[in-house]
Amino acid sequence: MTQSTSLDFTHTFAATGNYLVTLLADDGNCTDIYSQMVGITPPCYNRYVATIGNNNNTGESNSPYADIQYAITQVCDGDTVFVNDGTYIENVDFLGKNIVVMSLNGATNTTIDGNQNGSVVVFQNGETNAAVLDGFTVTNGNGSLAKHISNSSFYNYGGGVLMYSASTPTLQNLTVENNNAERGGGICVISGWQTANFAIIRNCKIKNNNSSGSGGGILAIGGGKVNIINSLVVKNHSNLRGGGLKVNYTSEAVIINSVIADNTASSNGGNIARANASKINATNCIFTGSNNQNIYWTGGSTAQSTISYSNVEGGQVGTNITWGAGNIDADPLFVDAVNNDYSL
């Protein structure tokens, strides 16, 4: 309790939380009492995380937290969570915050392991491109339950990363590998009808993920919109369609300077499948090495889909697609695709 006869006094709270603040004013003749709940939130500044950290620490560089998720609860929009090298076994939710969560030394040194306990990383509260996940290996996730767009069934979506409810974050410098889900083994972008904005996948490697349904590497569904830039989508598998990428139910994918190769599907679209009034626009890409119909188009008009200046195995085949200028069908001569070196 703080007592003062001054009209201007302060009180410092010892910890964050909700407090009932009561003001009692007494001039000797009468007494007035006024009470109000006051929420004390932590100050906003960048936080640090390390495997040797402790969540009772301050979160500063010399006093890091132990968990990425706890650090996210302690920051505000515009802040950055810096993550030291190591493997973090946890499932991360950005909680609607437009923050940056980034490793200090890149994906080869820093891993988020979902421990087969849901999607490894989730964006589900309207995060924008300003919400950034940067420089991690994202692995061992098995998806999160969400309702299917066309029926009342629930499926596990987004083994590695799930973007839901009009969330359009930025994923960059990631390796998303060895995840599985019923829909979107590596990454899933779902329910984007509420926004005209696109999620961003930039400088990422999406490989060796599996979907028991569609979209082994990446799935965009239900109006989900995604830009795939300077990225590698390889050796993923779908038990239905779209081993590398599936775009469905009025969704959109813009693919630039990317390789989608050596993916497999049990049905159609070993590398790419598009269905139900969705569209794909690709420029300066390589689509090759699939087991079953490299690119598969079905269900609804695809008049707005265009592929230009790209190397497409099988050539310019298929209906309801605009083949732009500069396309070829040739061996891309990857340096060593067997050992995942897809450089030219």
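All residue numbers refer to position in the chain's written sequence, counted from 1. Thresholds applied to this predicted model are a pLDDT of at least 70 for local features of residues and 80 or more for the giving and counting of side-chain atom pairs; totals over whole chains, interfaces and linings are not thresholded and use all residues. Side-chain numbers come from the whole structure's heavy atoms, not from hydrogens or water.

A. Structural context of the pattern of salt bridges. Here, a salt bridge means any Lys or Arg side-chain nitrogen found within 4 Å of an Asp or Glu carboxyl oxygen. Within the structure shown, the criterion is met by 2 salt bridges. With a shortest N-O distance of 3.7 Å, Lys-207 and Glu-177 are connected by a salt bridge. Within this pair, whereas Lys-207 is found in strand β20 (residues 205-207), its partner Glu-177 is found in strand β16 (residues 175-177), the two being separated by 30 residues in sequence. Its salt-bridge partner being Lys-279, residue Glu-252 comes within 3.8 Å of it at the nearest N-O pair. Of the two residues, Glu-252 sits in strand β27 (residues 252-256) while Lys-279 sits in strand β31 (residues 279-283), which places them 27 residues apart along the sequence. For Lys-279, a relative accessible area of 21% corresponds to the partly exposed category. Runs of E in the DSSP output that reach at least two residues are strands. Runs of H or I that reach at least four are helices, and both are numbered from the N terminus. Residue exposure (1.4 Å probe, protein chains only): buried if accessible area is under 20% of the type maximum, exposed if over 50%, otherwise partly exposed.

B. Representation of unusual backbone geometry. Here Ala-166, not a glycine, exhibits a phi torsion of approximately 65°, which is positive. Along the chain, Ala-166 turns up in the loop between β14 (161-163) and β15 (170-172). One non-glycine residue, Asn-178, adopts positive backbone phi at about 60°. Considering the arrangement of structural elements, one finds Asn-178 in the loop between β16 and β17 (180-181).

C. Layout of the nonpolar core. For our purposes a nonpolar core is just a set of buried Ala, Val, Leu, Ile, Met, Phe, Trp, Tyr and Cys residues, chained together by side-chain atoms within 4.5 Å. Within the largest apolar cluster, 53 residues are counted, with the highest numbers of intra-cluster contacts made by Ile-68, Phe-94, Val-101, Leu-133, Leu-171, Leu-245 and Phe-287. Discounting residues that sit within four places of it in the chain, Phe-94 has contacts with Ile-72, Ile-99, Val-101, Val-121, Val-122, Phe-123, Glu-127, Ala-131, Val-132 and Leu-133. In terms of nonpolar packing, the next biggest core, distinct from the first, is built from 9 residues, Val-122, Ala-146, Tyr-157 and Ile-190 among them. Contact definition: two residues touch when any of their heavy atoms are within 4.5 Å.

D. Molecular detail of the pairing of β27. A pair of strands counts as paired when DSSP detects no fewer than two bridges linking them. Bridge analysis of strand β23 (residues 225-229) against β27 gives 5 bridges, and the strand direction is parallel. Counted as the bridge partner of Val-226 is Ala-253 from β27. By the bridge criterion, 5 bridges tie β27 to β31 in an arrangement that is parallel. Each bridged residue has a counterpart across the sheet, and for Val-254 the counterpart in β31 is Asn-281.

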